[in-house]
Amino acid sequence: MVKLMMSTAQIKKLTGFFDGYEDDKVKISLDKVQGIRAYMNCETELSAQEAADYCKGLFKNTPDGKVLYFSIAPEGAY
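Predicted model, so just to flag it, every value in this text is computed and none were measured. In every chain, residue numbers begin from 1 and rise along the written sequence. For a predicted model such as this one, the threshold for reporting local features is a pLDDT of at least 70, and the threshold for listing and counting side-chain atom pairs is 80 or more; totals across whole chains, interfaces and linings nevertheless cover every residue. Each side-chain value is worked out from all heavy atoms of the structure, with water and hydrogens disregarded.

> So, the overall build of the protein: which residues are in play, and what are the values?
Helix and strand counts for the protein come out as 3 helices and 4 strands. From first element to last, N terminus to C terminus, the protein shows the α and β order β-α-β-β-α-α-β. The globule rule puts the C-alpha radius of gyration for 78 residues at 12 Å, and the 11 Å found for the protein is close to it. Residue burial is assigned from relative accessible area. The probe radius is 1.4 Å, only protein chains are included, and a residue is buried under 20% of its type maximum, exposed over 50%, and partly exposed in between. A total of 78 residues make up the protein; the buried ones form 40% of that total. Helix and strand definitions here come from DSSP, where helices need a minimum of 4 consecutive H or I residues and strands a minimum of 2 consecutive E residues; each element is numbered from the N-terminal end. Each radius of gyration is computed over the set of C-alpha atoms, and the globule rule expresses the reference value as 2.2 Å times the number of residues to the power 0.38.

The structure is reproduced here in structure tokens:
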């Protein structure tokens, strides 16, 4: 399991999308929200950076993801 950190001014859009999300590569659960950051647990075989990149790609392919500035990185990356 890896810990990922999301950051955006519209944090509810990301947490709404990711909390409980599951596919063949990741299974995500929301850990905590602090201001414009949210932390999530990601069960995966991917490395922390690969999981962050994969999740970022998932959200970028949504209508909100195409226009919203956000970041997803391994916890502690910034």
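> Run through the pattern of salt bridges, naming residues and quoting values.
Salt bridge, as used here, is a side-chain nitrogen of Lys or Arg placed within 4 Å of a carboxyl oxygen of Asp or Glu. Tallied over the entire structure, the rule returns 2 salt bridges. The salt bridge partner of D31 is K3, with a shortest N-O separation of 3.1 Å. With a gap of 28 residues between them, D31 in strand β2 (residues 26-34) and K3 in strand β1 (residues 2-7) connect regions that are remote in the sequence. Here D31 falls in the partly exposed class, since its relative accessible area comes to 38%. Its relative accessible area of 35% is what places K3 among the partly exposed residues.

> Go over the pairing of β1, please, and point to the residues and values.
Burial runs high along β1: 5 of the 6 residues are buried. One bridge is not enough; two strands pair if DSSP finds at least two bridges between them. In this structure, β1 lies alongside strand β3 (residues 37-44), joined through 6 bridges in antiparallel fashion. Each bridged residue has a counterpart across the sheet, and for S7 the counterpart in β3 is R37. Relative to strand β4 (residues 71-74), β1 runs antiparallel, the two being bridged by 4 bridges. When the bridges of β4 are listed, M5 appears paired with A73.

> Lay out the environment of G65 in plain terms, naming residues and giving numbers.
Here G65 shows up in helix α3 (residues 63-67). The sequence separation of G65 and L14 amounts to 51 residues, and the corresponding C-alpha distance is 8.8 Å. Throughout, a residue-residue contact means that at least one pair of heavy atoms, one from each residue, lies within 4.5 Å. Setting aside anything within four residues of it in sequence, one finds G65 in contact with F59, K60 and F70.

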